[in-house]
Amino acid sequence: ANGLTPALVSGQTSYSAETMADAMKDVNAAYADAKSRPRSDGSDDTTRLGTIGGLTFTPGVYHWASAISIAADTVVTIKGSPYDCFTFVTDGALSVAARGGVVLEADPPGGLPPHVSNLAWAVAGTISIGANSHCEGVVLGTAAVTMGADAKLNGRLFTAVGAISLAAAAAIVEPSAVISLGPQVQLSLSLASPTPPAP
């Protein structure tokens, strides 16, 4: 839901079995698409350490065989243009500690930063977004998700299995605009293809 916060929904929201089945197919297809994308430089990212706070990533596909984490008071910088695509895949959990997060930086400087709809996180394990943290992108999970107090996600959050738990004042803010990059997965969440449209 757009701008969903705990203050707007208390308890459970129910949808028809058909709507839920369609949504599950979409989430599973988007997750499979993200997970199957070839690594951008052909290298094996599974040897990288799982602590990614403090690192800067340029457009591409990154994959870890283990859990990844962003430590407290550190950020991951996503550097590029609105048309660049970033895909982060982990075969483990994703953990963002308190006050950690993700920031978007324009490249070239003075331009516009990457758009959150072109930043995908495909996570095989649990997802934990700590208190007072700030994250960006479309998060596709396969297990339970928790967001701590005052945590913010600028993007969208989906899980195929498990609950999504939001603590007090946690918020998921859907992007106000989507930039189309040509062929996309035709889903409710549309992951952009890694190549920009022809001029």
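Just above, that's the structure.
Keep in mind it's a predicted model, so treat the numbers as computed, not measured.

Q: Run through empty space enclosed by the protein, naming residues and quoting values.
A: Considering all chains together, one arrives at two cavities of 30 Å³ or more under this definition. The calculated volume of the largest cavity comes to roughly 60 Å³. Along the walls of the largest cavity sit Ile 70, Leu 94, Val 96, Val 102, Trp 121, Ile 129, Cys 135, Glu 136 and Val 139, which together make up its complete lining. Elements that contribute at least two residues to the lining of the largest cavity include exactly β6 (94-96) and β10 (134-141). A class-by-class count of the residues in the lining of the largest cavity yields eight nonpolar, no polar and one charged.

Q: Report on the pattern of salt bridges, specifying residues and quantitative values.
A: Scanning the entire structure with this criterion turns up five salt bridges. Lys 35 is the salt-bridge partner of Asp 91, the closest N and O atoms lying 2.4 Å from each other. Highlighted residues: Asp 91 in the loop between β5 (86-90) and β6 and Lys 35 in helix α1 (residues 17-36), separated in sequence by 56 residues. Residue classification places Lys 35 among the partly exposed positions, given a relative accessible area of 31%. Close ionic contact of Asp 73 with Arg 99 constitutes a salt bridge, the shortest N to O distance being 2.7 Å. Residue Asp 73 is located in the loop between β3 (68-70) and β4 (75-80), and its partner Arg 99 is located in the loop between β6 and β7 (101-106); the two are separated by 26 residues in the primary sequence. For Asp 73, a relative accessible area of 51% puts it in the exposed group.

About the cut-offs
- Residues numbered from 1 in each chain as written.
- Predicted model: local features only at pLDDT ≥ 70, side-chain atom pairs only at ≥ 80, totals over all residues.
- Heavy atoms only, no water.
- 1 Å grid on protein atoms, 1.4 Å probe; cavity = no way out; pocket = protein on both sides within 12 Å on 5 of 7 lines; lining within 4 Å.
- Points joined across faces, edges and corners; volume = space filled by probe spheres on them.
- Helix = DSSP H or I, 4+ residues; strand = E, 2+ residues; numbered from the N terminus.
- Nonpolar A, V, L, I, M, F, W, Y, C, P; charged D, E, K, R; others polar.
- Salt bridge = Lys/Arg side-chain N within 4 Å of Asp/Glu carboxyl O.
- Buried < 20%, exposed > 50% of the residue type's maximum accessible area, 1.4 Å probe, protein only.

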